[in-house]
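This is what each chain is made of:
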Amino acid sequence: MLIRTATLPDGSQRDVRVDGESIAEVARDLDAGNERVVDASGKRLFPGAIDVHVHFRQPGYPHKETWVTGSRAAAAGGVTTVVDQPNTDPPTVDGAAFDRKREFAADSLVDWGINGGVTADWDPDSLLSRRLFALGEVFLADSTGDMGIDTELFADAVDAATDAGVPVTVHAEDATRFNEDARARDDADAWSAYRTAEAEAAAVERACEIAADRNARIHIAHTSTPEGIDIASDAGMTTEVTPHHLLLSRKDLDELGTLGRMNPPLRRESRRRKVYDRVVDGTVDVIATDHAPHTRAEKDASIWESPSGVPGVETMLPLLLAEARDPETALSYERVRDLTATNPAAVFDVPQKGVIEPGADADLVLVDTTETTAISGDTLRTDCGWTPFEGFEGIFPEWTMVRGTVVYDGDSDEPFAAHDGQNVRDADGELL
Ligand SMILES: O=C1C[C@@H](C(=O)O)NC(=O)N1
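Small disclaimer: the values here were computed from a predicted structure and weren't measured.

On a plain count of helices and strands, the protein chain comes out with 13 helices and 18 strands. Scaling as 2.2 N^0.38, a compact globule of 432 residues should have a C-alpha radius of gyration of about 22 Å, and the protein chain matches this with 20 Å. Its C-alpha atoms give the protein chain principal-axis dimensions of about 65 × 45 × 40 Å. For the protein chain, the proportion of its 432 residues judged to be buried stands at 62%. Within the protein chain, residue pairs in contact and separated by at least 24 positions form 71% of the contacts whose partners lie at least 6 positions apart. Per element, the accessible surface of the protein chain, about 16100 Å² overall, is 41% carbon and sulfur. Counting 41 positive and 81 negative side-chain charges, the protein chain places the centres of these two groups 2 Å from one another.

Shown next as structure tokens:
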């Protein structure tokens, strides 16, 4: 396929030739051979997004999401690689559980990686002998799945992963810093009052100290506070922010109710703005969704009983593109590309993804940034059927390509192609 006159994220116009699964050429005025030509003039072409933090719920909870519905949601949102987290049933804490999850991942329309987790009864030897994407999210406090561990076990896990050459991602909250007084309340904001910003900052600090003592590098998942971001960044570690911590705050909880409960929770508007600044200025490395679907019926409970988590894989890139288009924000299309594709590929060492360059995987997303659509839970592909971003404007893909195959075509009556997503390759081009 020859994609003609596409506007790349940096504003330059190029032709992009796709040959098989890879990008063959990126240049001006390429001659068309015997191939399909797509006129992309006036449209923008992005590298497919790499969402390094999704919960696709299989095995264990297929009523919340499956690899089929989750990966369709990803493709419809311009995400061409997803990385699944270990809090499934069974939890992905040994080699057998990894192998079992791999069978479900075979249903994925987009490329994928599988993370391994840590619990008191994990089996590091068998787990780390598998081709993990990363060890993580390692939970330093309980969340969905109750996989919180203490810092001693965390230190052992960092040692084991570092010896095996596997990156570590951390869910950093310190439950000893939660505000027990908030337990007396029953409004939706009580969750944010309970799981405090200080609890995140303290856990980030401790995790970074443990890593630094070992000369190891860790990646802090879904940082929700400027304090947490700054501590990690000053310690030379990488950070990730979710779209919900970037765009929503405690002031939205009146309307969201328990749909706005997640871990870490939404923060005050003043903190959200500072998180946004750090996303714009390059302090934050990665945007990832923490796509954590639960059914509406499950969420429809008291703030203390409702499960934590919101869906997000389908709306991340559309929301960020709408932010970049808005002249009132300082977010650029180039920065969106870096946060969603180039940086996650660099942080996790997946060099064949995240860039539009000859030799890279042809993971591409074409968008028309002149058109926005109001986001609605009714039309999203995630099986949970709701979104915390109801009514927000998004710029959705016209089509999404994974390794040369258009897996999602928004103009078609049958938008999803049959396609086998693959485990991403490691730096040597070997299948993970
Ligand atoms: O850490 C997590 C886990 C996730 C889930 O539901 O799996 N939901 C969250 O809100 N945070």
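Quick look at the site of the ligand now. Of all residues adjacent to the ligand, which total 15 residues, the nearest are Arg57, Asn87, Thr144, Asn263 and Ser308. A distance of 3.1 Å is found between an oxygen atom of the ligand and a side-chain nitrogen or oxygen belonging to His171. At 2.8 Å, a backbone N or O of Asn263 approaches an oxygen atom of the ligand. Out of a free accessible area of 290 Å², the ligand has 100% covered by protein chains. The residue makeup of the shell around the ligand, split by class, is three nonpolar, nine polar and three charged.

So, about the sheet that holds strand S8 (residues 111–114). Reading across the sheet, the three strands line up as S6-S7-S8 and stay open at both edges, with parallel pairing between neighbours. In this open sheet, the two edge strands, each paired with only one partner strand, are strand S6 (49–54) and S8. Averaged over neighbouring strand pairs, the angle between their axes works out to 20° when direction is ignored. Bridge count between strand S7 (residues 79–84) and S8: four bridges; the pairing is parallel. Within S8, the residue paired with Val82 across the bridge is Trp112. Sheet contacts for helix H2 (residues 95–105): S7 and S8; angle to S8, the most-contacted strand, approximately 165°.

Right, let's talk about the domain arrangement of the protein chain for a bit. Taken domain by domain, the protein chain holds domain 1 (2–45 + 359–409) and domain 2 (49–347). Put simply, the middle of domain 1 and the middle of domain 2, counted by C-alpha atoms, are 26 Å apart. The interface of domain 1 with domain 2 comprises 33 residues on the first partner and 42 residues on the second. Linking domain 1 with domain 2 are one salt bridge.

Attention now moves to the side chain of Asp84. On the secondary structure map, Asp84 appears in strand S7. Of the polar contacts made by the side chain of Asp84, one reaches the backbone nitrogen of Phe56; its length is 2.7 Å. Within the local environment of Asp84, its side chain forms a polar contact with the side chain of Lys101, the two groups lying 2.6 Å apart. The contacts of Asp84, once residues within four sequence positions are left out, are Val54, His55, Phe56, Arg57, Gln58, Trp67, Lys101, Gly113, Ile114 and Asn115.

Attention now goes to unusual backbone geometry. Cis rather than trans, the peptide bond between Gly136 and Glu137 has omega equal to -10°. In this chain, Asn263 is followed by Pro264 through a cis amide linkage whose omega measures -10°. With respect to the helices and strands, the residue Pro264 is situated in the loop between helix H9 (253–256) and helix H10 (269–281). Even without being a glycine, Asn215 presents a positive backbone phi close to 60°. Notably, Asp349 is not glycine yet its phi reads approximately 55°, a positive angle. The topology assignment puts Asp349 in the loop between helix H13 (333–347) and strand S14 (364–367).

Time to look at helix H4 (residues 151–164). Taking 1.5 Å of rise per residue, 14 residues should cover 20 Å, and H4 covers 20 Å from first to last C-alpha, within 8% of that figure. Of the surrounding secondary structure, the elements contacted by the buried residues of H4 are helix H3 (124–128), strand S9 (135–139), strand S10 (168–171), helix H6 (197–213) and strand S11 (218–220). With its phi angle positive at about 75°, Gly165 sits one or two positions after the end of H4.

Ranked by size, the top nonpolar core spans 102 residues in total, and within it Val82, Trp122, Leu135, Phe154, Val170 and Ile218 carry the most contacts. Taken domain by domain, the makeup of this core includes at least three residues from each of domain 1 (2–45 + 359–409) and domain 2 (49–347). Not counting the four nearest positions on each side in its chain, Ile218 is found in contact with Phe154, Val158, Val168, Val170, Ala207, Cys208, Ala211, Met237 and Thr238.

The sheet built from five strands is open, its strands ordered S9-S10-S11-S12-S13 with parallel pairing. Here the strands that pair on one side only, and so sit at the sheet edges, are S9 and strand S13 (286–287). Where strand S12 (residues 238–241) lies against S13, two bridges are found, and the strand directions are parallel. Bridging from a neighbouring strand, Val241 pairs with Ile287 of S13.

Further remarks concern the environment of Met316. Along the chain, the position of Met316 falls in helix H12 (residues 316–325). In this structure the C-alpha to C-alpha distance between Met316 and Asp411, which are 95 residues apart in sequence, comes to 20 Å. Ignoring sequence-local partners within four residues, the contact set of Met316 consists of Ala49, Asp51, Val79, Pro243, Ile287, Ala288, Thr289 and Thr340.

Turning to the packing of H6 against helix H7 (residues 226–234), a few remarks are in order. Contact geometry of H6 with H7 gives a least axis separation of 8 Å together with a crossing angle of 10°. Comparing their axes, H7 and H6 come out roughly parallel. Residues Glu200, Ala201, Val204, Glu205 and Cys208 of H6 pack against Glu227, Gly228, Ile231 and Ala232 of H7. Tallied by class, residues from the contact of H6 with H7 come to five nonpolar, one polar and three charged.

Reading the values: the criteria
Residues numbered from 1 in each chain as written. Predicted model: local features only at pLDDT ≥ 70, side-chain atom pairs only at ≥ 80, totals over all residues. Heavy atoms only, no water. Helix = DSSP H or I, 4+ residues; strand = E, 2+ residues; numbered from the N terminus. Rg over C-alpha atoms; globule rule 2.2 N^0.38 Å. Buried < 20%, exposed > 50% of the residue type's maximum accessible area, 1.4 Å probe, protein only. Contact = heavy atoms within 4.5 Å. Areas by Shrake-Rupley, 256 points an atom, 1.4 Å probe, with all protein chains shown as cover. Lys, Arg positive; Asp, Glu negative; His and termini not counted. Charge placed at Lys NZ, Arg CZ, Asp CG, Glu CD. Near = heavy atom within 4 Å. Polar contact = N/O pair within 3.5 Å; in protein donor to acceptor, adjacent residues only side chain to side chain. Nonpolar A, V, L, I, M, F, W, Y, C, P; charged D, E, K, R; others polar. Pairing = 2+ DSSP bridges. Axes fitted to C-alpha atoms, helices over the stretch in contact; angles between N-to-C directions. Domains from an automatic or database assignment. Salt bridge = Lys/Arg side-chain N within 4 Å of Asp/Glu carboxyl O. Expected span 1.5 Å × (residues − 1). Core = buried A, V, L, I, M, F, W, Y, C linked by side-chain atoms within 4.5 Å. Parallel < 35°, antiparallel > 145°, perpendicular 65-115°, else oblique.

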